[in-house]
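Summary of the model geometry
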2 protein chains.
Amino acid sequence: MTDTTDIAPAPAEGGGGRRSGGGRAARQAARLHSHAEWVPFITRTLAPFEVVSEESLALIEDNADTILERTGMWIRDYPHAIELFKAAGADVDDERVRFPKGLCRSIVQGSAPRQYTQRGRNPARNVEIGGMNTVFAPNYGSPFVRDLDRGRRYATLTDFENIVKLAYSSPYIHHSGGTVCEPVDVPVNKRHLDMVYSHIKYSDKPFMGSVTAKSRAQDSVDLARIAFGGDLADRTVMTSLINASSPLVWDATMLGAAEVYAENNQANIFTPFILAGAMAPVTVAGVAAQSLAEALVGMTFAQLVRPGAPVILGSFASSMSMQTGAPTFGTPEPSLVLYVMAALARRLGVPFRSGGGLCASKIADAQAAYESANTMQATILGGVNFVLHAAGWLEGGLSIGYEKFMMDCDQLGMMHTFVKGVDMSPNGQAVDAICDNDPGMHYLGNAHTLANFETAFYRSSIADNNSYEQWLEEGEHDANQRANLQWKKSLAEYEAPPLDTAIDEELREFVARRKAEMPDELG
Amino acid sequence: MTDTTDIAPAPAEGGGGRRSGGGRAARQAARLHSHAEWVPFITRTLAPFEVVSEESLALIEDNADTILERTGMWIRDYPHAIELFKAAGADVDDERVRFPKGLCRSIVQGSAPRQYTQRGRNPARNVEIGGMNTVFAPNYGSPFVRDLDRGRRYATLTDFENIVKLAYSSPYIHHSGGTVCEPVDVPVNKRHLDMVYSHIKYSDKPFMGSVTAKSRAQDSVDLARIAFGGDLADRTVMTSLINASSPLVWDATMLGAAEVYAENNQANIFTPFILAGAMAPVTVAGVAAQSLAEALVGMTFAQLVRPGAPVILGSFASSMSMQTGAPTFGTPEPSLVLYVMAALARRLGVPFRSGGGLCASKIADAQAAYESANTMQATILGGVNFVLHAAGWLEGGLSIGYEKFMMDCDQLGMMHTFVKGVDMSPNGQAVDAICDNDPGMHYLGNAHTLANFETAFYRSSIADNNSYEQWLEEGEHDANQRANLQWKKSLAEYEAPPLDTAIDEELREFVARRKAEMPDELG
C-alpha cells in the first residue's frame, strides 16, 4: 500500500484544475502516489435542523417498541437469526419474532460504536462515519445509464468503471460506493467480483461489498483481505447496504450477507426502503416509527453476531404519486422523514444514512435539479453521516446519469463550504475594512477584497455566470452540455491510483478462479 | 369592495384543478366573488435554522454600531433626512451622518411594529408580515422576459399584466408584488401608473408601490386611496422596496419614496443590495454587519418620519464569480448571509425580507433549479417573512421566465407542506395501522392508507413521475415543456377578480390625467 498521507489537500475546486506549485519534481513525486484532487470528508460545525420536539421523538421510539412487541418482524428463511434473537430474549413464534420493549435498543446501545473509521486502501482516504461527519458516496443500484450522447441504455462494466473513475476524480466524493450501476453485461452471479475489483483497482477510496448472496459477501471479504493484506478483524474496510423487505420483513439474503460482514468486523447499513403508502403508512410519523423498528432489528442482529460490529441506521423513504403510484422525490414529506430519522439516530447513538441527490426525473432537467437540491439540503441540514446516492441518481434510481453525476458533485462541493459556517475571525468580521472604505466606494480594489478574493466564494464548475451576450455567443449551452464536456475531460485525464502489482495479480487470480467455479447465471 | 372571506381555502393543489363539489349554483356564486384558487400565507411551526451563536450575533450587531459611529452613512442629496437624523442625535458632517452606538436600534425598537397586516383589496387576501409568517411575492425588476416560444425579449406591459394574472392564479403566491417586470414599452416616467393600476385591476392580492421617484410614490398612494376608498392612515395597503446604494449610501430617490410611504403609514423594505466583493467585503460576517448598519439607518429614517410606520429589514446578498465578477446565486455564502440576517432581524424585532428563487442561469435548466432550490431552502428554513422574487427569476434578475415562474410556484407549494412539520396526532403516528398490518403485506389497500391517501403527499404540478416508457411515449418532455403548457392554460382560464366599476373608472381617469400632465421620458 502506498502511503500518501504526506500529500496535502488541494484547494477546494469543483473543476478539473490541477494542484499548482512545487515544480516538475514535486509533480513526479506526486504521480508516484495518488493522482486525484480531494478534500476531506465534511466535519460540520452547524447543529442539525430539528423538525420535532424531544417529546415527539420519544413518542416515535415508543411506537417503534410497540410495533416490535405487538407485531414483531418476520425473519424469513433464516433460522440462525431467529435462534440468536431467541437467545437474546425475543419471543419467537415460527418465523415471527417479537421483541420486549427496549430490548433492541439496549443491545444496540450496549455494543454498537457511535462512530467508526472506514479505511481506504490509501490511508489518506480513510473516512470517519458518525458524529459530526458527513461522507459522500455515489449512486447505487441503477440498471440503466444515461448520457447526452447515447441516451438511456443498460449499464455495462465499462460504465461501472467509468463511474468509479469519476468518483475517484471528484474531490467531493469521499467514498467509492458499491453498485454504482449494475454491469448488466456480466452474469448476475459473477458481477460482484468485477465490481469489487474495479473499486480496488480504479480507486483508492473506501468502498462497499456485495449483498446479493451470502457467498458474494464472502467473496467481497476475501478480495478485501487481499487488497488490505490479511485479516480484517482489527479494521473496517467495507460498509455494505442491507435493505429490509418492508413492511417488517428481514430476509435470508440480506441477513446472510450482513452476517458475513458483521462476523468480519465490517460495517452494515440497515435500511428500511419505504415507498410511503406501499411499504408503510402514508404519514411521516408512521414511516419513522416503522423504519426505526425495522432498522433496530437489523442492527440488533449485527450486534448479536459480533458485539461491536459497526452498524449504520439507514432510512430511505419516498412519497408516492397519487396519479401513478410511482415514488416521488424532493417533496416535503421525505425531507420531514429524513429530519426525524436523523434525530432518532442521534438519540440512539449510531451513525445515520439517508438522502442523496434523489429525483424522479428521467433527465437532468430542472425537475431533477429542484428535487435533488431539496433532498440534498435536508441531507446536509439534517446531519446525515453516510450519504449514498450523493451523485448521479435519476429516475428514482433506475438510471445513473453521467451529466447528472457531474452536476451533483458540484453541489456537494457547495455543501462543503456551507457547513463550515461563518468565519467570525477579525478578518471575517472585516470591521476595519468596512470603516476604512469611504461610502459609495466599491470594494473591488480594496486590500481586504484582494487578500480574500481567491478563497472567498465557492467556485462552481457547472454554473455559467457569464453575461447573456457571452453565453449566447458561446452557443447557449445548458448545464447538461457543460457537464457533458466535464465528464469526458475527467475520464480523459484519469490516471489510476498506484496498486502493488503482486496484489493486483492476486486479486485478478481470485476473480478468475471464482468465476471459473460457477456457471453463468443470467439476471 | 367585494367581501370574499366566506370562500373557504381550496385544497393545496399545484395544478390548475378547480374546486370540486357544490354544484352549478355554488360555482355561479363563487364567480361573483373571486376566481383564483388560493391557500393562506405560511405560518410556520418549525423553529428557524441558526448558523451562528447569540454571541456571534451580538458581535455583528456591535460591528454594525461601530460602522455607524466611525464611518457613518452618506445621505446623498436629501437635506430633510439629514435634519431628522441630526435632531434625533446623530453627528452630521455635511452629508456624512454618524450615529452614536445604539441610537438607531433604540429608535427602531421604540416604534417599529414587530408584525403588521398588509391588506389586499380583497380582505381574504390580507397578509401578516413578520413573526412566524412567510409571504411569497413574484420576481421584481427584470427588464427582460423569456418563454419557450419566443425566447428572450424586452418586457412589455402585456407581459407585466400576464405575470400579475399568473400570480393571482397561483394558490401559492400571496402577494402581487411590484415591478414584476419592467414594461419597457411604456415611457419610464409613466409606467408606474400602469403597473399599480394592473395590480389593482388584474389581482386582488396586496401589492407594492413605485419607488423610482418621490412623485411616483405619491401617485401610488393616490391610486391606492382610490382603490381602498379614502385615507390610508389606519391601514397599510402597500409594501415598497427601498434599496440602499451600498456601501453606506442612501440617496434622495429612495429616501424620498420611503418618506412618502412612511408619512402615509405604508410599509418600506429597507434593503442593502450587496454583491459581496463589490458593494461590501467578501466575507459573510462583513456583509452582515454592513447590511445591518445600512438597513438600521433606513428603518430609523422611516420611524423619524412617522413613528410606527411599518418597516422590513431587507437583505439581498450575492456572491461573485471570480472569473467574470458577475453575481452568483444558490451558492453557500449568500445562504449563510441570509441565515445570519434573519437571526439579526429577529433579535431586533422587525420583519425580515430576503431570498426567493434566485439563480444566475439564463434559462430554466438544471443550473437554474439547483440555484433556486438552494436559495429557497435557506429562505424557508431561515424563516424569511417577506419573500420577493419567489417565482420567475432568471439571469440574476435581468429576466423573468414564464416557465420558471410556474416551476417556482410548484416549489412554493411544497414549502407550504414542509413548514407544517410532522403530524403527531394518533392518525399521524399510525401505530395501530402498522401493528394490524401483517409483515410483508403492502399498504396500498390498507384502511389507513385509503383514509389518508388523498391529502398525504404534496402533488407537484410540474414533476413527471410516470414510468420511463410512458414518458418516452408522451414525447420525452422536460420540465420546461410541461411548464410552458401550464402558464398558457392558466392565462387562458384567467378571470379577473371583481372590481367596482366606479372605482375602476376613477383609477383610469387618474392614470390618464397624470399621463397627460407629463411629456414622455424614455428610459
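Here is a short report on the structure shown in this document. Source: prediction; values computed, not measured. (Residues numbered from 1 in each chain as written. Chains lettered and ligands numbered in written order. Predicted model: local features only at pLDDT ≥ 70, side-chain atom pairs only at ≥ 80, totals over all residues. Heavy atoms only, no water.)

Let us look at the overall build of chain A. Summing up its helical and strand segments, chain A has 18 helices and 20 strands in all. Dimensions of chain A along its principal axes, counting C-alpha atoms only, are 80 × 55 × 45 Å. Put simply, of all contacts in chain A between residues at least 6 apart along the chain, 76% involve residues at least 24 apart. (Helix = DSSP H or I, 4+ residues; strand = E, 2+ residues; numbered from the N terminus. Contact = heavy atoms within 4.5 Å.)

Take the relation of the copies chain B and chain A next. The operation relating chain B to chain A is a screw motion whose rotation component is 180°, with 0.0 Å of axial translation and a residual RMSD of 0.0 Å. In symmetry terms, the pair is related by a two-fold rotation axis. Closest to the rotation axis within chain B is the C-alpha of Ala366(B), separated from it by 2.2 Å. When the interface residues of chain B are mapped onto chain A, 100% of them again fall at the interface, so both copies present the same face. (Least-squares fit on C-alpha atoms with pLDDT ≥ 70 in both.)

When the parts come together, some accessible area is lost, and that loss is often what is quoted as the size of the interface. Each partner contributes to the interface: chain B provides 117 residues, whereas chain A provides 117 residues. Both faces combined, the contact of chain B with chain A buries some 9700 Å², and carbon together with sulfur accounts for 68% of it. For the chain B face of the interface with chain A, the top three residues by lost area are Met322(B), Tyr370(B) and Phe457(B), together amounting to 9%. For the salt bridge of Arg70(A) with Asp436(B), the shortest nitrogen-to-oxygen distance reads 3.2 Å. Here chain B is connected to chain A by 38 residue pairs in polar contact (both at pLDDT 80 or more). Here the element with the most residues in the side of chain B that touches chain A is helix 11 (residues 366–382) of chain B; it accounts for 10 residues. Broken down by class, the residue content of the side of chain B that touches chain A amounts to 60 nonpolar, 36 polar and 21 charged. (Buried area = accessible area lost by both parts, 1.4 Å probe. Salt bridge = Lys/Arg side-chain N within 4 Å of Asp/Glu carboxyl O. Polar contact = N/O pair within 3.5 Å; in protein donor to acceptor, adjacent residues only side chain to side chain. Nonpolar A, V, L, I, M, F, W, Y, C, P; charged D, E, K, R; others polar.)

Okay, the state of the cysteines next. Under the definition given, this model contains zero disulfides over all chains. In this structure Cys181(B) is a free cysteine whose sulfur lies 15 Å from that of Cys409(B), the closest cysteine sulfur available. (Disulfide = S-S within 2.5 Å.)

A word on the pattern of salt bridges. All names here are of chain A. Going through the model one piece at a time under the given rule, you end up with 56 salt bridges over all chains. In this structure, Arg 225 and Asp 222 form a salt bridge, with 3.4 Å as the shortest nitrogen-oxygen distance. Residue Arg 225 and its partner Asp 222 are both found in helix 7 (residues 214–228); the two are separated by three residues, about one turn of the helix. Judged by relative accessible area, Asp 222 falls into the partly exposed class, the value being 21%. Salt bridges sharing common partners tie together Glu 54, Glu 61, Arg 105 and Arg 347. (Buried < 20%, exposed > 50% of the residue type's maximum accessible area, 1.4 Å probe, protein only.)

A separate point is the packing of helix 7 of chain A against helix 18 (residues 501–516) of chain A. All names here are of chain A. It is the contact of helix 7 with helix 18, at a shortest axis distance of 9 Å, that shows an interaxial angle of 160°. In this view, helix 7 runs roughly antiparallel relative to helix 18, as classed from their interaxial angle. Classified by chirality, the crossing of helix 18 by helix 7 is right-handed. In this structure, helix 7 uses Asp 219, Asp 222, Leu 223, Ile 226 and Ala 227 to contact helix 18, whose residues at the interface are Ile 503, Glu 506, Leu 507, Phe 510, Val 511 and Arg 514. When grouped by side-chain class, the residues that make up the contact of helix 7 with helix 18 number seven nonpolar, no polar and four charged. (Axes fitted to C-alpha atoms, helices over the stretch in contact; angles between N-to-C directions. Parallel < 35°, antiparallel > 145°, perpendicular 65-115°, else oblique. Left-handed = near helix turned anticlockwise from the far one by under 90°.)

Turning to the sheet that holds strand 18 (residues 393–394) of chain B, a few remarks are in order. Two pairing modes exist for strands in a sheet, parallel and antiparallel, and in both the strands are linked by backbone hydrogen bonds. Residues and elements named next belong to chain B. The four strands are arranged 9-8-19-18 in an open sheet whose pairing can be described as mixed. Either end of the sheet is taken by a strand with one partner, and the two such strands are strand 9 (151–154) and strand 18. Note: strand 8 (residues 144–147) against strand 19 (residues 399–401), three bridges, orientation parallel. If you follow Arg 146 over to strand 19, its bridge partner there is Gly 401. (Pairing = 2+ DSSP bridges.)

Turning to the sheet that holds strand 4 (residues 96–98) of chain A, a few remarks are in order. Residues and elements named next belong to chain A. The strand order across the open sheet formed by four strands is 3-4-2-11, and the pairing between neighbours is mixed. Where the open sheet ends on each side, the last strands, each with one partner, are strand 3 (91–93) and strand 11 (249–251). Adjacent strand axes in the sheet meet at a mean angle of 25° when their direction is disregarded. Contacting strand 2 (73–76) and strand 11, helix 8 (residues 252–263) crosses the sheet at an angle of about 65° to strand 11.

Once that is clear, we can look at helix 8 of chain A. Residue and element names in this part refer to chain A. With 12 residues, helix 8 ought to run about 16 Å at 1.5 Å a step, and its terminal C-alpha atoms sit 16 Å apart, in line with that. Burial within helix 8 is extensive, with nine of its 12 residues counted as buried. The complete set of buried residues in helix 8 reads Met 254, Leu 255, Gly 256, Ala 257, Ala 258, Glu 259, Val 260, Tyr 261 and Ala 262. At the exit of helix 8 stands Asn 265, carrying a positive phi of roughly 65°. (Expected span 1.5 Å × (residues − 1).)

On to the pairing of strand 9 of chain B. Residues and elements named next belong to chain B. Taken together, the four bridges between strand 8 and strand 9 define a ladder with antiparallel strand orientation. Residue pairing for strand 9: Val 145 is matched across the bridge by Arg 153. Where strand 8 folds back onto strand 9 in an antiparallel hairpin, the turn is made up of three residues.

Another point: the nonpolar core. Counting 336 residues, the largest nonpolar core has Ile75(A) and Ile75(B) as the members making the most contacts within it. With residues near it in sequence (within four places) discarded, Ile75(A) still touches Ala81(A), Ile82(A), Phe85(A), Glu95(A), Val97(A), Trp250(A), Leu255(A) and Val297(A). (Core = buried A, V, L, I, M, F, W, Y, C linked by side-chain atoms within 4.5 Å.)

All names here are of chain B. The first and last C-alpha atoms of helix 7 (residues 214–228) sit 21 Å apart over 15 residues, in line with the 21 Å expected at 1.5 Å per residue. Those residues of helix 7 that sit buried are Arg 216, Ala 217, Asp 219, Ser 220, Val 221, Leu 223, Ala 224, Ile 226, Ala 227 and Phe 228. On the buried face of helix 7, the contacting elements are helix 6 (191–202), helix 8 (252–263) and helix 18 (501–517). Backbone geometry just downstream of helix 7 places Gly 229 in the positive-phi region, at approximately 75°.

What follows is about unusual backbone geometry. Residues and elements named next belong to chain A. In this model, Ser 246 is joined to Pro 247 through a cis peptide bond whose omega is 5°. As for its position among the elements, Pro 247 is in the loop between strand 10 (239–243) and strand 11. The phi dihedral of Asp 77 falls on the positive side, at around 60°, and the residue is not glycine. Mapped onto the fold, Asp 77 is located in the loop between strand 2 and helix 3 (79–87). By relative accessible area, Asp 77 is classed as exposed at 52%.

Residue and element names in this part refer to chain B. Looking at the secondary structure, you find Phe 352 in strand 16 (residues 352–353). Residue Phe 352 is classed as buried on the basis of its relative accessible area, which comes to 1%. A C-alpha to C-alpha distance of 31 Å links Phe 352 and Asp 147, two positions 205 residues apart in sequence. In this structure, Phe 352 is in contact with Ile 312, Leu 313, Ser 315, Leu 338, Met 341, Ala 342, Ala 345, Val 384, Asn 385 and Phe 386, ignoring residues within four places of it in sequence.

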